[in-house]
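In case you want the letters, here they are:
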Amino acid sequence: MSHTVHKQLLSMTDTLIRANKALKINLPKAQKKKEGIIQLLSDCQDSAISIGENVEKLYGEGTKTVAELEAYCENLYQMTLVLDNPVQTKELLKDLTRQLLRIRRLVAEEVPDRLEAVFLPYKASMWDSLESIWKAADADEECDAYVIPIPYYDRNPDGSFREEHYEGELFPEDVTVTYYDEYDFGLRMPDVIFIHNPYDDGNFVTSVHPYFYSKNLKNFTEKLVYVPYFIQNGEGIDEDYATPSAVLYADYIIAQTEKEREDYIRHCSKRYPGVNFKEKVLALGSPKIDKARSVNRENVKVPEEWLERIEGKKVILYNTSLNGLLKAGDEYLEKMKDVFALFQNREDAVLLWRPHPLMESTLLSMRPVLYAQYMELKNWFQKDKIGIYDDTADMYPAIGISDAYYGDWSSLVWLYRETGKPVMIQDVDVRSE
């Protein structure tokens, strides 16, 4: 249970102890203050019931704390019946005092004082932006870490929600997923919540469920932490990327570099004047970089066919971007053909081709002629087994098993260079002879 809930229940118990002291002071004047004393006893009973209900919701029936609270409530009721009898009220007051001390001790014992961290990804493909933080929390014996994938929606042109998506079943096998309807945020009050979606209602294409907007989540935690799902080139961040609504409600914003931190502070202070972003923005790096640095041939899971193809060979990750093809058109396709031909039947190296995931759908919609030519190239690559075709959602196996990167500028370049392996950028104008 979170530090927050532990402190709250102890604080409520301490309030009852203070009320008991007030009762002791006023009981000798019971005849003159009877109405006020009865109200005080009623308030104490309501508070005790609230404590008991919370403990019961969290830990079920049969706890010693709830049993003692029930006995305490019974004595409060008996006190209302004997206010005209000083001897009986004195004895009951002694019982109430002893009971409250036992209740406080039992709350401290039965409600564990632990850090509770909640991670709220919405797309499984973006889990890498939180994964290394979760692994550290999950390994900490003093922390209870919950991964709670949240639903998100496509939006219609008018902004209304269309189709709901939930990707909880797509997370890695080592991640224990908690269904979002099974975790009571208002009851559990986690100490820290990590999010990677910063847009709240400001994304015109998709939206997480409004319950999980940053403004609402801040009501349920002492620390809301925004970890960006994207990665930059290390040279700073533009204003549009730096100022989504979550930066206003987050207690901490995780920047990739010190330069990026400075840009966050500058842009956010301009957009949201009066907020001290110098204390909110921390230059702690990116979990995506942690992931890229950690993967290798020994620890990534790839199809058996891939392993057979790469045995004893160097693997070149070939990344083709959507922007590159749309910009260069036929020349780009000719460049791809040259690259494929260069690696065909190579004994020392194998090409691992990873195209942009939206390549085919975008070409079909925007450039149908290019689409036909592209599909012809793809079919040749696969039919002649020129290399490995990678259309999986997870890019890290390709990063892990490859020995070098070749292809277009993209966010993948910023990740790949963190591995320390060679990176070469493709020049469409340079053709093999």
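Note: the structure precedes this text.
Residues numbered from 1 in each chain as written. Predicted model: local features only at pLDDT ≥ 70, side-chain atom pairs only at ≥ 80, totals over all residues. Heavy atoms only, no water.

Draft legend 1. The arrangement of helix α1 (residues 3–26) in detail. With 24 residues, α1 should reach 34 Å at 1.5 Å per residue; the first-to-last C-alpha distance of 35 Å fits that figure. Within the sequence span of α1, burial applies to Thr4, Val5, His6, Leu9, Leu10, Thr13, Leu16, Ile17, Ala19, Asn20, Leu23 and Asn26. Against the buried residues of α1 lie α2 (34–59), α3 (64–81), α4 (86–110) and α6 (185–188). (Helix = DSSP H or I, 4+ residues; strand = E, 2+ residues; numbered from the N terminus. Expected span 1.5 Å × (residues − 1). Buried < 20%, exposed > 50% of the residue type's maximum accessible area, 1.4 Å probe, protein only. Contact = heavy atoms within 4.5 Å.)

Draft legend 2. The arrangement of the sheet that holds strand β11 (residues 349–355) in detail. Read across the open sheet, the 5 strands follow the order β12-β11-β10-β13-β14; overall the sheet is parallel. The open sheet has two edge strands with one neighbour each: β12 (388–389) and β14 (423–425). Two strands pair when backbone bridges link them, and strand β10 (residues 314–320) and strand β13 (residues 404–407) are joined in this way by 4 bridges, in the parallel orientation. When the bridges of β13 are listed, Asn319 appears paired with Gly407. The sheet strands contacting helix α17 (residues 368–383) are β11 and β12, and the helix crosses β11 at an angle near 145°. (Pairing = 2+ DSSP bridges. Axes fitted to C-alpha atoms, helices over the stretch in contact; angles between N-to-C directions.)

Draft legend 3. Focus on the packing of aromatic side chains. Taken as a whole, this structure holds 29 aromatic pairs when the rule is applied. With centroids separated by 5.2 Å and ring planes inclined at 80°, the aromatic side chains of Tyr122 and Tyr152 adopt a geometry described as edge-to-face. On the criterion of sequence distance, the pair formed by Tyr122 in the loop between β1 (115–120) and α5 (131–139) and Tyr152 in strand β3 (residues 152–155) is long-range, its members being 30 residues apart. In terms of burial, Tyr122 and Tyr152 fall into one category: buried. With a centroid separation of 5.2 Å and an interplanar angle of 70°, the aromatic rings of Trp353 and Tyr389 are classed as edge-to-face. Taken together, the residues span a long stretch of sequence, with Trp353 in strand β11 and Tyr389 in strand β12 at a distance of 36 residues. Neither residue differs from the other here; Trp353 and Tyr389 are each classed as buried. Put simply, the rings of Tyr146, Tyr166, Tyr179, Tyr180, Tyr183, Phe185, Tyr211, Phe212 and Phe220 pair up and form one aromatic cluster. The side chain of Lys291 reaches across the aromatic face of Tyr396, ending 5.5 Å from its centre. (Phe/Tyr/Trp six-rings, centres within 6.5 Å; stacked < 30°, edge-to-face > 60°. Lys NZ or Arg CZ within 6 Å of the ring centre and 35° of its normal.)

Draft legend 4. Molecular detail of the state of the cysteines. Taken as a whole, this structure holds 0 disulfides when the rule is applied. The thiol of Cys44 is unpaired, and the distance to the nearest cysteine sulfur, on Cys73, comes to 9.4 Å. According to the relative accessible area criterion, Cys44 is buried, its value standing at 6%. (Disulfide = S-S within 2.5 Å.)

Draft legend 5. Focus on the environment of Asn296. By the secondary structure assignment, Asn296 is in the loop between α12 (287–294) and α13 (304–310). A sequence separation of 101 residues divides Asn296 from Ile195, and the C-alpha atoms of the two residues are 27 Å apart. Only 2.9 Å separates the side chain of Asn296 from the backbone nitrogen of Glu298, close enough to count as a polar contact. (Polar contact = N/O pair within 3.5 Å; in protein donor to acceptor, adjacent residues only side chain to side chain.)

Draft legend 6. Fine view of the packing of α1 against α2. Where α1 contacts α2, the two axes come as close as 10 Å, and the packing angle between them is 160°. Judged by the angle between their axes, α1 and α2 are roughly antiparallel. Considering only the axes of α1 and α2, their crossing is left-handed. Along its contact with α1, which presents Val5, Leu9, Met12, Thr13, Leu16, Ala19, Ala22, Leu23 and Asn26, the element α2 presents Ile37, Leu40, Leu41, Cys44, Ser47, Ala48, Ser50, Ile51, Asn54, Val55 and Leu58. Of the residues contributing to the contact of α1 with α2, the split by class is 15 nonpolar, 5 polar and no charged. (Parallel < 35°, antiparallel > 145°, perpendicular 65-115°, else oblique. Left-handed = near helix turned anticlockwise from the far one by under 90°. Nonpolar A, V, L, I, M, F, W, Y, C, P; charged D, E, K, R; others polar.)

Draft legend 7. The pairing of β3, seen in detail. Of the two faces of β3, the one holding Tyr152 and Asp154 and the one holding Tyr153 and Arg155 are both buried throughout. As judged from the 3 bridges shared by β3 and strand β4 (residues 161–165), these two strands associate in the antiparallel manner. Residue pairing across strands places Tyr152 opposite His165, the latter belonging to β4. Here β3 folds back onto β4 in antiparallel fashion, the turn holding 5 residues, of which Gly159 has a positive phi close to 95°.

Draft legend 8. Looking closely at the sheet that holds strand β7 (residues 223–226). On the basis of which strands lie adjacent, the open sheet formed by 6 strands has the order β2-β1-β5-β7-β8-β9 and parallel pairing. The sheet is open, and its two borders are formed by β2 (143–147) and β9 (281–283), each paired with just one other strand. Put simply, the sheet's adjacent strands are angled 20° from each other on average, direction ignored. Looking at chain direction, strand β8 (residues 252–255) and β9 are connected through 3 bridges and run parallel. Within β9, the residue paired with Ala255 across the bridge is Ala283. Here α5 sits on the sheet and contacts β1, β2 and β5 (192–195); the angle it forms with β2, its principal contact strand, is near 140°.

Draft legend 9. Main features of the side chain of Lys280. The residue Lys280 is located in helix α11 (residues 277–280) in this model. Despite its burial, Lys280 remains without a salt bridge, the nearest opposite charge being carried by Asp251 at 6.6 Å. Here the side chain of Lys280 touches Leu248 through a polar contact of 3.0 Å, landing on its backbone oxygen. Setting aside residues no more than four positions away along its own chain, Lys280 makes contact with Val247, Leu248, Tyr249, Ala250, Asp251, Tyr252, Ile253 and Val275. (Lys, Arg positive; Asp, Glu negative; His and termini not counted. Salt bridge = Lys/Arg side-chain N within 4 Å of Asp/Glu carboxyl O.)

Draft legend 10. How the structure looks around the packing of α5 against α12. Across the interface, α5 lies against α12 with an axial gap of 7 Å and an inter-helix angle of 85°. Taken together, α5 and α12 sit at an angle that is classed as roughly perpendicular. Here α5 contributes Glu131, Ser132 and Ile133 to the contact with α12, which in turn contributes Pro287, Asp290 and Lys291. Within the contact of α5 with α12, the residues separate by chemical class into 2 nonpolar, 1 polar and 3 charged.

Draft legend 11. Summary view of the pairing of β2. Bridging between β1 and β2 involves 5 bridges; their strand directions are parallel. Note that in β2 the partner of Leu115 across the bridge is Cys143. What joins β1 to β2 is α5, and the crossover it makes is right-handed. (Right-handed = clockwise from strand over helix to strand, strands pointing away.)

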